[in-house]
There are 2 protein chains.
Amino acid sequence: MNSFNLLKSIAEAHPNLRKSEQKVADFVLENPNEVIHMRIVDLASEANVSEPTVVRFCRALNYDGFQDFKLTLAQGLASNTNFEQFSLNSKDTVMEFKEKIFDSMIGNLLNIKEQLDTETVESAIDSLAKARRVEFYGFGASAPVCTDAAHKFHRLKVSSTSYSDPHMQAISAVSLDERDVVVAISQTGRTKDLLHTVKLVKDAGTTVISLCPSNTPLSDAATIPIHIDLEEDKDLSTLMSSRVLHLVVIDVLAVGVAMKLGPGLIDHLKTIKRSLRSLRQNDKRLPLRKPSSSEEE
Amino acid sequence: MNSFNLLKSIAEAHPNLRKSEQKVADFVLENPNEVIHMRIVDLASEANVSEPTVVRFCRALNYDGFQDFKLTLAQGLASNTNFEQFSLNSKDTVMEFKEKIFDSMIGNLLNIKEQLDTETVESAIDSLAKARRVEFYGFGASAPVCTDAAHKFHRLKVSSTSYSDPHMQAISAVSLDERDVVVAISQTGRTKDLLHTVKLVKDAGTTVISLCPSNTPLSDAATIPIHIDLEEDKDLSTLMSSRVLHLVVIDVLAVGVAMKLGPGLIDHLKTIKRSLRSLRQNDKRLPLRKPSSSEEE
DNA sequence: CGCTAGGTGCATGTTATTTTCAAATTAAAA
DNA sequence: TTTTAATTTGAAAATAACATGCACCTAGCG
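In this text, all values refer to a predicted model and were calculated from it rather than measured experimentally. (Residues numbered from 1 in each chain as written. Chains lettered and ligands numbered in written order. Predicted model: local features only at pLDDT ≥ 70, side-chain atom pairs only at ≥ 80, totals over all residues. Heavy atoms only, no water.)

### Here's the deal with the sheet that holds strand β3 (residues 181-185) of chain A
Residues and elements named next belong to chain A. Stated formally: Any two strands with at least two DSSP-identified bridges between them are counted as paired. Strands here are runs of E lasting at least two residues and helices are runs of H or I lasting at least four, both read from the DSSP assignment and numbered beginning at the N terminus. With axes taken as lines fitted to C-alpha atoms, and helix axes fitted only over the stretch in contact, angles between N-to-C directions fall between 0 and 180 degrees. Here, two residues are considered to be in contact whenever any of their heavy atoms come within 4.5 Å of each other.
Across the sheet, 5 strands lie side by side as β2-β1-β3-β4-β5; this open sheet has parallel pairing. Each end of this open sheet is capped by a strand with a single partner; those strands are β2 (160-163) and β5 (224-227). When the angles between neighbouring strand axes are averaged without regard to direction, this sheet yields 15°. Note that strand β1 (residues 134-137) and β2 share 4 bridges and pair parallel. In the strand pairing of β2, F136 is matched with S162. Across the face of the sheet, helix α8 (residues 118-130) comes into contact with β1, β3, β4 (207-212) and β5 while running at roughly 130° to β5.

Take a look at the structure:
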């Protein structure tokens, strides 16, 4: 992902560059799309510097040379289909904010994909796979995430429930012990009631996996903290993205558990849909549909 | 997007190429990521052909020369970070399936972003903005989506509820009329109970927005059908993606409604978090945190 | 069997990139 | 202010990469 931020990193490095190198930097920042088709001579003359300076500029940014730089730039521009944070203007058309919302979602997914620590996820999967019971706790916007998670783990034949009521959580919490696992989900990592419940279950020796930003009370309290750090909230981005990110991370956990418990289970996720088929309405006039491409509602 | 299909187009052109050019093609197809950092000499020797052949190969594919080809290839690879459908092998490492799950999610988002019909979305937003009450109906995996949606619309001061119990749906359904809107969410578009409820509310003149695949009974029954068609289910992809896609589409609707009801509401989505602050735990030893970057749970 | 056309690689020419080194500029000290 | 050292910059040469012309080879056809 170093290419992803190339332009940004040029801008950052800008002050540390030499005067004539800055000229190059300026030109590149202004016309990145031209640059990738330019030869070093062209770029040098356009930026009013000599060719060696261009090379030095590339080296200063830790590239092997001009070619390497150009290649990386090209990649950056291609991948960088601005999956950036968005900010909504009240005069955006539907088309525009639709794009913005999707792009920012995608950008956040890309970030978390990079960020997600594999080892932490592995140990989370381990403990989930061994658990006697799994409970998901979360409030507000995280409540539906918990429901969904419990639903998913159920299919893996893992005994699981979700609670978004602090009393229910507390009641359930005291019945858990070291054989169980709690997954605490929070966008803030600072919800008092959730922290309270987590303290309860930790006292009983239960493993607590957290899904929340790092350096938060919840993250600190968890046995296995999975950090979900979004970029600073530009507008509504955080609001919308976190729950989706939580869902996707839970998908990763679920698949991991499924694979651990036996390859058959992966199929089990799929086969359940058959038992649900009777709940479905087939098209009346059409011949029988091809094996449905869908699954449980 | 011509770069997007570069590898594919090489494969297509393959039979039309000369024998030695095919050797080049084969090598490129097998090691695209190496190629972009190779010099023409390396590629030539790796593919066991001469350098001119490599150039001819590039020309045959309508590029100016080797450089041009390499650049385009690099771009293609960058954008094309195979956001393709995945298929899980039971021997995948955590790292591997993590990537697969995220990539397939991103791929699906990109697809739906393209696919989502702006006009349909606009009219959905219109009716939602005018509605007296909005109700979200869905079962199984779609139930949490409904809860989340209701939650979100609540913040827009739109009176909304979600039901994932067929009886509750039916009871509530008969109380609606043409001033109300129902959003029916389904991954299959064929859930009998949901179809039944939809029939009830349609009889009362209520607008029904559906989120489900096209050409399904639900989609046909809806007043405003929003089509969510995923690629044929490769493994678990559909299973995991649809609910996330539904959530994101609902985000789009919610933002649209917020913008329609008045720009203040966009802020309202954000300001609610203040009222929730008291539910949070601040770090005990640290000075007061900077204005929290988070929001309601 | 020989001829022709298309395909291939060698060797060379051309162009682009990198390095070297000296000039110039700037900063620092006297 | 002048001198000196250090850093920055560009000119030119060297190197490496790429493209092209041409000759050779192979295969297909008469």
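Picking up after the structure, the text goes on.
### Overview of unusual backbone geometry
In terms of backbone geometry, most residues other than glycine have negative phi values and most peptide bonds are trans. Residue and element names in this part refer to chain A. Filter applied, for reference: Note on classification: 1.4 Å probe, protein chains only; a residue is buried when its accessible area is under 20% of the maximum for its type, exposed when over 50%, partly exposed between these limits.
Located in the positive-phi region is N62, a residue other than glycine, with phi close to 70°. Note on placement: N62 falls in the loop between α5 (51-60) and α6 (66-79). Positive phi, normally seen in glycine, also occurs at N215, with a value near 55°. Overall, N215 belongs to the exposed group, its relative accessible area being 60%.

### Topic: the state of the cysteines
In plain terms, the rule: Two cysteine sulfur atoms make up a disulfide if the distance between them is within 2.5 Å.
In the structure shown here, the tally under the stated rule is 0 disulfides over all chains. C212 of chain A takes part in no disulfide bond, and the closest cysteine sulfur, belonging to C146 of chain A, lies 12 Å away.

### Structural notes on the protein's contact with DNA strand C
Formally: For each residue, the test is whether any non-hydrogen atom lies within 4 Å of the molecule or strand; if one does, the residue is near. Two N or O atoms form a polar contact when they lie within 3.5 Å of each other; inside protein one atom must be a possible hydrogen donor and the other a possible acceptor, and for residues adjacent in sequence the pair counts only when both atoms belong to side chains. Residues are grouped as follows: Ala, Val, Leu, Ile, Met, Phe, Trp, Tyr, Cys and Pro are nonpolar; Asp, Glu, Lys and Arg are charged; all remaining types, including Gly, are polar.
Taken together, 18 residues lie around DNA strand C, and R39, I40 and R59 of chain A together with S20 and T53 of chain B are the ones closest in. Note that a phosphate oxygen of DNA strand C is positioned 2.7 Å from one of the side-chain N or O atoms of R59 of chain A. Within the residue set of the surface near DNA strand C, elements represented by two or more residues are α5 and α6 of chain A together with α2 (19-30) and α5 (51-60) of chain B. Counting residues per element, the surface near DNA strand C draws most heavily on α5 of chain A, at 4 residues. Of the residues that constitute the surface near DNA strand C, the class distribution is 6 nonpolar, 5 polar and 7 charged.

### A look at the pairing of β3 of chain A
On a regular strand, one side chain projects to one face of the sheet and the next to the other, so that they alternate. Residue and element names in this part refer to chain A. Which entries qualify depends on this criterion: Handedness of a crossover is defined as follows: with both strands directed away from the viewer, a clockwise route from the first strand across the helix to the second makes it right-handed.
In terms of burial, β3 is largely enclosed, as 5 of its 5 residues are buried. Both faces of β3 are covered, namely the face carrying V181, V183 and I185 and the face carrying V182 and A184. Pairing geometry for β3 and β4, over 5 bridges, is parallel. In the sheet register, I185 faces β4, and the bridge partner there is L211. Each parallel crossover has a hand, and for β3 linked through helix α11 (residues 192-203) to β4 it is right-handed.

### Thoughts on the packing of aromatic side chains
Residues and elements named next belong to chain B. This is how it is decided: Aromatic rings from Phe, Tyr and Trp, with only the six-membered ring used for Trp, were paired whenever their centres fell within 6.5 Å, and each pair was classed as stacked if the ring planes differed by under 30 degrees, edge-to-face if by over 60, and tilted otherwise.
For the structure shown, the criterion picks out 8 aromatic pairs over all chains. Consider the rings of Y137 and Y163, whose centres lie 6.3 Å apart with planes at 45°: the pair is tilted. Of the two residues, Y137 sits in strand β1 (residues 134-137) while Y163 sits in strand β2 (residues 160-163), which places them 26 residues apart along the sequence. There is no split in this pair, since Y137 and Y163 are both buried.

### Examining the pattern of salt bridges
What counts is decided by this rule: Any Lys or Arg side-chain nitrogen located within 4 Å of an Asp or Glu carboxyl oxygen qualifies as a salt bridge.
The tally for this structure, following the rule as stated, stands at 22 salt bridges over all chains. Two residues, R179 of chain B and D177 of chain B, come together in a salt bridge whose shortest N-O distance is 2.6 Å. For R179 of chain B, a relative accessible area of 46% gives the class partly exposed. Overlapping salt bridges bring together R132, D177, R179 and D180 of chain A as one network.

### Quick word on the packing of helix α1 (residues 6-13) of chain A against helix α2 (residues 19-30) of chain A
Residues and elements named next belong to chain A. Convention followed: Comment on the angle field: the value is read as roughly parallel under 35 degrees, roughly antiparallel over 145, roughly perpendicular from 65 to 115, and oblique elsewhere. Rotating anticlockwise by less than a right angle from the far helix to the near helix defines a left-handed crossing, while the corresponding clockwise rotation defines a right-handed one.
Between α1 and α2, the least distance of the axes is 10 Å, while the angle of their chain directions is 150°. Relative to α2, α1 is oriented roughly antiparallel. Taken as a pair, α1 and α2 cross one another with a handedness that is left-handed. In this structure, α1 contributes L7, I10 and A11 to the contact, and α2 contributes A25, V28 and L29. Class assignment of the residues belonging to the contact of α1 with α2 gives a composition of 6 nonpolar, no polar and no charged.

### Overview of the environment of D68 of chain A
Within the element layout of this structure, D68 of chain A appears in helix α6. Residues contacting D68 of chain A, with those up to four places away along its chain left out, are Y63 of chain A together with H37 of chain B.

These results come straight from atomic positions and should not be treated as a statement about function.
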